[in-house]
Amino acid sequence: MADFSLGETLLPFLQISVGAIFIQNFVLTRFLGLCPFMGVSKKLSTASGMGMAVIFVMTLATLFTWPIYTFILVPQDSTFLKTILFILIIASIVQLVEMILKKHSPILYESLGVFLPLITTNCAILGVTILNIESNPFTDSGEAFTFIEAIVNGIMSGVGFTLALVLMAGIRERLELADIPKPFRGLPIAFITAGLMSIAFLGFSGMSF
Amino acid sequence: MISNIPKELKRGVITENPIFVLALGLCPALGVSSSVVNGLGMGLATTFVLIASNLIIAMIKKAIPAQVRIPSFIIVIATFVTIVQMVMKAYLPGLNDQLGIFIPLIVVNCLILGRAEAYASQHSPINSVIDGFAMGIGFTAGLLILSTIREVLGANQFLGLTLIPGVEPISIFTLAPGGFLTIGFVIAGLNYLKIKKERT
Amino acid sequence: MKNTVTLTLTLTIIAAISAVSVSYVNQITAEPIRQQQIQREQSALAAVLPAGDSTYTDTLRRPADTLPFWVSYEQGIIQGYALKATTAKGYSSTIDYLIGLDAAGNIHGLSILSQGETPGLGARITEIASDITLWGRIFKGHTVDTGAEPWFCRQFSGLQPEQAISINKTIGEWPDLDSAGKVALQRSNEITAVSGATITTRTVKKSIETDIADALGAIERKIDDK
């Protein structure tokens, strides 16, 4: 009988998931993905649509960038090309997603509007691809992410982004009805809200198991 | 016709400030503004990329077909960011450590792609350089304001030197929430000044 | 058809020029980057490794990590060791450090090689203790001695990593203690934390405890095999 513990094999994935969603939340802790966070969080429906799109693009981006980095750039000693290569891959994926959405879900395509091509410049996507080729900060080994770990990290980082986005949209929909002082209307109160959310998420910092 | 430099500077720093007015480049604005040295370093690096990419894009704009506009711009921007990253690693390793992931992220700083699309692709190289310079200085100025507030309040320091010995700073300003709160209040403050000006 | 060809060609040319320029700059900067790292390591090594007339260096390969190490000899007798750790996960970055031990296994010196912790909090592990304020710098021309050893590292000297190092949270930070206080801390194998940066402090402490634990024995076995 092989020495196989389900808990042990799944532990890294649990660590990565909790880590990516709560402890190092992309928006509220790492400051990645702020432009869409501010721009798309006014309505809950667009927020969740954007979140889904981001999760999808992050996963696809990791799927392509990790192998290309590990099996082509590293052996060829050309890791300095990673920024250029990654951003081109991401731009192509977003183009692809745009075409698919236009064809199969025109309603979502319309409501996302100009924000869809903006996913390319969403620093969160490029951020997750770069983080995935560095050392895994969530497990104890300190080794680089394996392919599966990188995929999980990509998905969960997207989930964390969506969580922050959806929470923000829920709050902002209610803020619309509140009596906000004139100088604070619009961006300022959104930032202060994000700040308060960020304080809440600070509670997760340093957590490890 | 060459643009009027002081006029462009006023536009870049005040009336169309990238961070506070256009809300571009927010990620690095919050991510590296926990100390003035980092903010300054990031601002200057971004300004360099902005000027360089604006120049090249203005020079080759006629040769690029409209459909591959955005990918071409991205390649040019990514090239200069990679160069900046390598030069920093070689000659300013301490700053490189502190700025971390935000250096490669200059590529997706919506400010640079935004200026390439909105200005450099339609104006002469010289004017594009001036625009890049003005916007870059505006971005750096915004970063300086944010990082000064955050470093003074959050670490009781400026440029790494203590301000008032023995006083415990409000540490939250150097952490993530502090970034959000600071920029929220700064924009609110600027809005207040604008409203007051409109009333008179 | 012709349109697609033009599009692809344009993109390919731009990408090619980009790749060439980046490779060129890479060639120019590769050497200074290497030199930077070597220099950083060498000066850290000089600070933490006990002096001797010859140094032997090798790498310890363990299942969890690879540990470069140096052994210092004086007339063939071991004076001390230095180990380079690169897997300590701090609050917001990996903390690389070089730790020097004397022949008895006590800490001779600690040097932080790189960190990206929060400025004003965790980043203070490389802070040099000084009373220099901004005003002193501007009006009185006080300067900070940038070559001095950060107090966070200095307080590790003389401690025994093979026994548990504890963090004393009640007496404040190390530079504010008098010499009797510092000696007492050393005797009880304790350090003080950077105020507000418990995680960063704990990371460095734990990493020293776990990395040194089996390393010395393994190093001794490795050099005996030579």
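Higher on the page you've got the structure.
Quick look at the structure, then. (Residues numbered from 1 in each chain as written. Chains lettered and ligands numbered in written order. Predicted model: local features only at pLDDT ≥ 70, side-chain atom pairs only at ≥ 80, totals over all residues. Heavy atoms only, no water.)

### Some thoughts on the overall build of chain B
Phase 1: For chain B, the count of helices and strands is 8 helices and 2 strands.
Phase 2: Relative to the compact-globule value of 16 Å for 200 residues, chain B shows a C-alpha radius of gyration of 18 Å, a close match.
Phase 3: Counting all 200 residues of chain B, 58% fall into the buried class.
Phase 4: Residue pairs at least 24 apart in sequence account for 74% of intrachain contacts in chain B once pairs closer than 6 positions are excluded.
Phase 5: By element, 70% of the accessible surface of chain B is carried by carbon and sulfur atoms, the whole surface being about 7900 Å². (Helix = DSSP H or I, 4+ residues; strand = E, 2+ residues; numbered from the N terminus. Rg over C-alpha atoms; globule rule 2.2 N^0.38 Å. Buried < 20%, exposed > 50% of the residue type's maximum accessible area, 1.4 Å probe, protein only. Contact = heavy atoms within 4.5 Å. Areas by Shrake-Rupley, 256 points an atom, 1.4 Å probe, with all protein chains shown as cover.)

### Concerning the interface of chain A and chain B
Reports of interface size often rely on the accessible area that becomes lost once the parts have come together.
Phase 1: Listed by partner, the interface residues are 36 residues for chain A and 36 residues for chain B.
Phase 2: Between chain A and chain B lies a buried interface of about 3200 Å² when both sides are counted; carbon and sulfur atoms form 87% of it.
Phase 3: There are 0 salt bridges connecting chain A and chain B.
Phase 4: Between the two partners, chain A and chain B, sit 1 residue pair in polar contact (both at pLDDT 80 or more).
Phase 5: Put simply, the parts of the chain that give the side of chain A that touches chain B at least two residues each are helix H2 (34-39), helix H4 (82-104), helix H6 (123-132) and helix H8 (187-202) of chain A.
Phase 6: The element best represented in the side of chain A that touches chain B is H8(A), accounting for 9 residues. (Buried area = accessible area lost by both parts, 1.4 Å probe. Salt bridge = Lys/Arg side-chain N within 4 Å of Asp/Glu carboxyl O. Polar contact = N/O pair within 3.5 Å; in protein donor to acceptor, adjacent residues only side chain to side chain.)

### Some thoughts on the pattern of salt bridges
Phase 1: One pass over the structure, following the stated rule, counts 11 salt bridges over all chains.
Phase 2: Of the charged contacts in the structure, one is a salt bridge between Arg34(C) and Glu31(C), with a shortest N-O distance of 3.3 Å. Separated by 3 residues within a single helix, Arg34(C) and Glu31(C) lie in helix H1 (residues 2-48), roughly one turn from each other.
Phase 3: Residue class for Glu31(C) comes out partly exposed when judged on its relative accessible area of 36%.
Phase 4: When salt bridges with common partners are traced through the structure, they connect Glu8(B), Arg11(B), Glu16(B), Arg115(B) and Asp131(B) into a single cluster.

### Looking at the packing of aromatic side chains
Phase 1: Enumeration over the complete set of coordinates arrives at 11 aromatic pairs over all chains.
Phase 2: Linked through ring pairs, Phe22(A), Phe201(A) and Phe204(A) together constitute an aromatic cluster.
Phase 3: Between the NZ or CZ atom of Lys182(C) and the centre of the ring of Trp174(C), over which it lies, the distance is 4.4 Å. (Phe/Tyr/Trp six-rings, centres within 6.5 Å; stacked < 30°, edge-to-face > 60°. Lys NZ or Arg CZ within 6 Å of the ring centre and 35° of its normal.)

### Considering the interface of chain C and chain A
Phase 1: Each partner contributes residues to the interface: chain C has 10 residues there, and chain A has 15 residues.
Phase 2: Both faces considered, chain C and chain A share a buried interface measuring about 890 Å² in area, 56% of it formed by carbon and sulfur atoms.
Phase 3: When residues of chain C are sorted by the area they lose upon contact with chain A, Val22(C), Lys89(C) and Tyr91(C) head the list and together hold 47% of the total.
Phase 4: On the surface where chain C and chain A come into contact, there are 0 salt bridges.

### Focus: the packing of helix H1 (residues 6-23) of chain A against helix H7 (residues 147-175) of chain A
Residue and element names in this part refer to chain A.
Phase 1: Two numbers describe how H1 lies on H7: the axes approach to 7 Å, and their chain directions differ by 30°. Looking at the two axes, H1 sits roughly parallel to H7. Our pair here, H1 against H7, has a crossing hand that is right-handed. Touching Pro12, Phe13, Ile16, Ser17, Ala20, Ile21 and Phe22 of H1 are Ile148, Glu149, Val152, Asn153, Met156, Ser157, Val159, Gly160 and Leu163, all from H7.
Phase 2: Residue classes in the contact of H1 with H7 are distributed as 11 nonpolar, 4 polar and 1 charged. (Axes fitted to C-alpha atoms, helices over the stretch in contact; angles between N-to-C directions. Parallel < 35°, antiparallel > 145°, perpendicular 65-115°, else oblique. Left-handed = near helix turned anticlockwise from the far one by under 90°. Nonpolar A, V, L, I, M, F, W, Y, C, P; charged D, E, K, R; others polar.)

### Notes on H1(A)
All names here are of chain A.
Phase 1: An ideal rise of 1.5 Å per residue puts 26 Å on 18 residues; H1 measures up with 24 Å between its terminal C-alpha atoms.
Phase 2: Along H1, the largest kink reaches about 30° and is centred on proline 12.
Phase 3: Residues of H1 that are buried include every one of Pro12, Gln15, Ile16, Ser17, Val18, Gly19, Ala20, Ile21 and Ile23, and no others.
Phase 4: Buried positions along H1 lie against H7 and H8. (Expected span 1.5 Å × (residues − 1). Bend = angle between axes of the 7 residues up to and from the residue.)

### Quick word on unusual backbone geometry
Phase 1: In this structure, Asn156(B) is a non-glycine residue whose phi angle is positive, near 55°.
Phase 2: Positive phi, normally seen in glycine, also occurs at Asn189(C), with a value near 55°.
Phase 3: Considering the arrangement of structural elements, one finds Asn189(C) in the loop between helix H4 (179-187) and strand E7 (190-192).
Phase 4: Taking relative accessible area as the criterion, Asn189(C) reaches 7% and is therefore assigned buried.

### Digging into the sheet that holds strand E3 (residues 77-89) of chain C
Residue and element names in this part refer to chain C.
Phase 1: Taken together, 5 strands build an open sheet; the order of strands is E1-E2-E3-E4-E5 and the sheet is antiparallel. Each end of this open sheet is capped by a strand with a single partner; those strands are strand E1 (54-61) and strand E5 (107-114). Averaged over neighbouring strand pairs, the angle between their axes works out to 20° when direction is ignored.
Phase 2: With 6 bridges joining them, strand E4 (residues 94-102) and E5 adopt antiparallel strand pairing. Counted as the bridge partner of tyrosine 97 is isoleucine 112 from E5.
Phase 3: Together, E1, strand E2 (66-74), E3, E4 and E5 form the strand contacts of helix H5 (residues 198-224), whose direction differs from that of E3 by roughly 135°. (Pairing = 2+ DSSP bridges.)

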